[in-house]
Amino acid sequence: MILIADCGSTKTDWCLLNGKEKEAQVFTQGMNALMLSEDEMANIIAKELMPHISAEDVTEVYYYGAGCISADICGSVERAIRRNMPEATTVEVNTDLLAAARAVCGKKPGIACIMGTGSNSCYYDGEKIVDNVSPLGYILGDEGSGAVLGKRLVGDVLKRQLPADLAKKFLDTYQLTPQLIIENVYRKPGANRFLASLSPFLLQNIEEPSIHRLVLNEFKAFFVRNVENYANYKEIPVNFIGSVAMHYRSVLEEAASALFINIGTVIKSPMEGLVKFHGK
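Residues numbered from 1 in each chain as written. Predicted model: local features only at pLDDT ≥ 70, side-chain atom pairs only at ≥ 80, totals over all residues. Heavy atoms only, no water.

## Some remarks on a nonpolar patch on the surface
And step 1. Where nonpolar side chains cluster on the molecular surface, the patch consists of Leu 34, Met 35 and Ile 69 and spans about 380 Å² of accessible area.
And step 2. Here Leu 34 is to be found in the loop between strand E3 (21-29) and helix H1 (38-49).
And step 3. Given the relative accessible area of 52%, Leu 34 is considered exposed. (Patch = residues over 30% accessible without salt bridge, like charges linked within 9 Å, V, L, I, M, F, W, Y side chains within 5 Å. Areas by Shrake-Rupley, 256 points an atom, 1.4 Å probe, with all protein chains shown as cover. Salt bridge = Lys/Arg side-chain N within 4 Å of Asp/Glu carboxyl O. Helix = DSSP H or I, 4+ residues; strand = E, 2+ residues; numbered from the N terminus. Buried < 20%, exposed > 50% of the residue type's maximum accessible area, 1.4 Å probe, protein only.)

## Here's the deal with the packing of helix H7 (residues 178-186) against helix H8 (residues 191-198)
And step 1. It is the contact of H7 with H8, at a shortest axis distance of 7 Å, that shows an interaxial angle of 135°. By the angle between their directions, the pair H7 and H8 is classed as oblique. Listed contacts from H8 to Ile 181, Asn 184 and Val 185 of H7 are Ala 191, Phe 194 and Leu 195. (Axes fitted to C-alpha atoms, helices over the stretch in contact; angles between N-to-C directions. Parallel < 35°, antiparallel > 145°, perpendicular 65-115°, else oblique. Contact = heavy atoms within 4.5 Å.)

## Section: the layout of surface pockets
And step 1. Space inside the largest pocket adds up to approximately 1,600 Å³.
And step 2. As for the largest pocket, its lining consists of 41 residues, and the residues nearest its centre are Gly 8, Ser 9, Ala 66, Asp 96 and Gly 118.
And step 3. The set of elements that each furnish at least two residues to the lining of the largest pocket consists of strand E1 (2-7), strand E2 (11-18), helix H3 (96-105), strand E7 (119-124), helix H4 (137-140) and H8.
And step 4. The element best represented in the lining of the largest pocket is H3, accounting for four residues.
And step 5. Each residue belonging to the lining of the largest pocket can be placed in one class, and the counts come to 16 nonpolar, 18 polar and seven charged.
And step 6. Around the second largest pocket, the lining residues are Tyr 138, Ile 139, Lys 151, Val 154, Gly 155, Leu 158, Lys 159, Ile 181, Ile 182, Val 185, Tyr 186 and Leu 195. (1 Å grid on protein atoms, 1.4 Å probe; cavity = no way out; pocket = protein on both sides within 12 Å on 5 of 7 lines; lining within 4 Å. Points joined across faces, edges and corners; volume = space filled by probe spheres on them. Nonpolar A, V, L, I, M, F, W, Y, C, P; charged D, E, K, R; others polar.)

## Section: the packing of aromatic side chains
And step 1. As enumerated under the stated definition, the model contains eight aromatic pairs in all.
And step 2. Measuring from centroid to centroid gives 6.0 Å for Phe 223 and Phe 240, while their planes differ by 85°, and the two rings are edge-to-face. Here Phe 223 is found in helix H10 (residues 209-225), whereas its partner Phe 240 is found in strand E9 (residues 238-241), with 17 residues between them in sequence. In terms of burial, Phe 223 and Phe 240 fall into one category: buried.
And step 3. Each member of the aromatic cluster is reached from another via a ring pair, and the members are Phe 170, Tyr 174 and Phe 201.
And step 4. Looking at Lys 107, its charged tip hangs above the ring of Phe 277, at a distance of 5.6 Å from the centre. (Phe/Tyr/Trp six-rings, centres within 6.5 Å; stacked < 30°, edge-to-face > 60°. Lys NZ or Arg CZ within 6 Å of the ring centre and 35° of its normal.)

## What to know about the packing of helix H5 (residues 146-158) against H8
And step 1. Where H5 contacts H8, the two axes come as close as 7 Å, and the packing angle between them is 75°. As judged from the angle between their axes, H5 and H8 are roughly perpendicular. On the side of H5, the interface is formed by Gly 146, Ala 147, Gly 150, Lys 151, Leu 153 and Val 154, while H8 contributes Asn 192, Leu 195, Ala 196 and Leu 198.
And step 2. For the contact of H5 with H8, the per-class residue count stands at six nonpolar, three polar and one charged.

## Some thoughts on the nonpolar core
Proteins that are soluble and globular tend to have nonpolar side chains buried together.
And step 1. Counting residues in each nonpolar core, the largest one holds 46 residues, and the members touching the most others are Ile 111, Phe 170, Val 215, Phe 219, Phe 223, Val 227 and Phe 240.
And step 2. Ranked by residues supplied to this core, first place goes to H10 with seven residues.
And step 3. Discounting residues that sit within four places of it in the chain, Phe 170 has contacts with Leu 153, Val 154, Val 157, Leu 176, Ile 181, Leu 198 and Phe 201.
And step 4. Counting 30 residues, the second-largest nonpolar core is a separate cluster that includes Leu 16, Val 26, Met 41 and Val 77. (Core = buried A, V, L, I, M, F, W, Y, C linked by side-chain atoms within 4.5 Å.)

## Notes on the sheet that holds strand E8 (residues 129-131)
And step 1. Pairing within the open sheet is mixed, and its five strands lie in the order E8-E7-E6-E9-E10. Looking along the sheet, the strands with just one partner apiece sit at the ends: E8 and strand E10 (263-267). The sheet shows a mean angle of 35° between the axes of neighbouring strands, taken without regard to direction.
And step 2. Note: strand E6 (residues 110-115) against E7, six bridges, orientation antiparallel. Bridge assignment links Ile 111 to a residue of E7, and that residue is Tyr 123.
And step 3. This element, helix H12 (residues 249-258), spans E6, E9 and E10 of the sheet and lies at about 160° to E10. (Pairing = 2+ DSSP bridges.)

Note that all results are geometric; they support no functional claim without further evidence.
This is the structure in C-alpha cells:
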C-alpha cells in the first residue's frame, strides 16, 4: 500500500491507499523538520500514526513536509519514517511546494502557488520544480498571504487609512488596542500567526471599498512580484492551494484578470490531488 503524508507545522494528514482507494486517513500533530530531531519525529510517528496502520502493509511512502529544504533534513525525515516502517521499499521526502504542484498540476506543466498563512510559488514542468521565486517570509515577502493581509490591515487601522467606524469595528471585534497590536507583533512570538488570525475581518467586510482595495492590491502584488517572474506565465494556468486562495477566490480572479493571467485549479488542501497523483 501507498502512504501519503501532507505535513505542516500544526498538523499532518496521512492517507493510506490501496490502489486508488483510501484505506485509512489519520491526522497527527504537525512536524516541522527544521525544528524537530530525527528521534522526535520518529516518536511522533510511532505514538500517533502507527496504532492506526500496519507497518507491514506499507510498501511506499511519499512525504511532503514543512521545513524539508535540504538533503540533510530530508534524510533525517526518511530515517524517522523507516524506523517505523522498515518494510517500505520506497520512502520519498519532498517539500510542501512539490505537494502543491503535484496536487494541482498532476503531470502537466503549470505554475503552482500556496496561499495560506504564508505564500509561495513555483514553475513545475510536469515532473519537477524548475523555478521558484523565494517567498522571503511575511516581513520581506509572502505577498497575498494571511499574515501579510493581516499586516496590511493593522497598518491601515493604525495609520488611519480606513474609515473611522470601520477601524473601530475591527478593534472592537478582536478586543484590541494599538498597544496590544504592537505588543503581539514586536514583543511576542508567532507574529505571523497573530496577523493571519486577523485576516478574516477582511473577508467579512470585503464589500467595503477600502477593504476590497487592500485585498485586491495585495493579490496584484503577489502576481507581479512572483508569478510574472516565470516564463510563459500568461500561456499556462496559475493554480492555487490554501485557505486564503479559496476564501478570496473572486478577488483573486479579479486581480488575475487585471493582469491578463489565467487562474486554473483552486483547492484548499493538496491531499485529494496527491491521491490522484500517486494512486495506482
